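# A closer look at the structure
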Amino acid sequence: MKLHELHDNEGATKKRMRVGRGPGSGKGKMGGRGIKGQKSRSGVAINGYEGGQMPLYQRLPKRGFNKPNRKAFAVVNLGLIQKFVDEKKLDAAAAITEDALIASGLVRRKKDGIRVLAKGEVSAKLTIEVTGASKAAVEAVEKAGGSLTVKTAPAAE
């Protein structure tokens, strides 16, 4: 078999329909848009319009609430912190702060703070200082002989 002998199976691909390319093409003259009217013009988008009937998205009840001033935390799992310590990207002897996590490349940006979750195993004795942590994460770090301190985020003004 050579490269120039490769081809798709019979019927696996279908040629794209080119509209507005003459009467012999089967989609010539008006290009399948019919005669006149809003939809025959260019730049028309009437998504969700149901011909004057109340649209489905308006008939359904509204649910939930999005808090306008909610905090978004960057999330880090304990297993990843341990992996970075093993790979010498994080120094286990020094305190692991939010800035250290960003410098190591574990977290891209701080957002409203960094929150540590308990997914994964921790074997090193770590001192971690972050904005938030789950109870299970705090227990896991303390069980390994380290400490996880949670500092409050500075109030954004």
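Residues numbered from 1 in each chain as written. Predicted model: local features only at pLDDT ≥ 70, side-chain atom pairs only at ≥ 80, totals over all residues. Heavy atoms only, no water.

Let's shift gears to the nonpolar core. Ranked by size, the top nonpolar core spans 23 residues in total, and within it Ile81, Leu101, Val116, Ile128 and Leu148 carry the most contacts. Here this core gets four residues from one element, more than from any other, and that element is helix α2 (residues 78-86). The contacts of Val116, once residues within four sequence positions are left out, are Val76, Leu78, Ile81, Ile128, Val130, Gly132, Ala133, Ser134, Ala137 and Leu148. (Core = buried A, V, L, I, M, F, W, Y, C linked by side-chain atoms within 4.5 Å. Buried < 20%, exposed > 50% of the residue type's maximum accessible area, 1.4 Å probe, protein only. Helix = DSSP H or I, 4+ residues; strand = E, 2+ residues; numbered from the N terminus. Contact = heavy atoms within 4.5 Å.)

The next thing to look at is the confidence of the model for the protein. Confidence along the protein averages 89 in pLDDT terms, with 97% of residues attaining 70 or more. Mean pLDDT per element in the protein: strand β5 (residues 147-150) is the minimum at 88, and helix α1 (residues 56-59) is the maximum at 94. (pLDDT = per-residue confidence, 0-100.)

On to α2. Burial in α2 covers these residues: Leu78, Ile81, Gln82, Phe84 and Val85. Summarising the axial view, the buried residues of α2 lie within an arc of 160°, below the 170-degree limit, and thus occupy one face. Its buried side turned inward, α2 meets β1 (74-77), α3 (98-104), β2 (114-117), β3 (127-130) and α4 (135-143). Just downstream of α2, Lys88 is the residue with a positive phi angle, here 65°. (Arc of directions from axis to C-beta.)

A few words on a nonpolar patch on the surface. A surface patch of nonpolar side chains, amounting to about 450 Å² of accessible area, comprises Met1, Leu3 and Leu6. Looking at the element boundaries, Met1 is found in the segment before α1. When its relative accessible area of 85% is taken as the criterion, Met1 is described as exposed. (Patch = residues over 30% accessible without salt bridge, like charges linked within 9 Å, V, L, I, M, F, W, Y side chains within 5 Å. Areas by Shrake-Rupley, 256 points an atom, 1.4 Å probe, with all protein chains shown as cover. Salt bridge = Lys/Arg side-chain N within 4 Å of Asp/Glu carboxyl O.)

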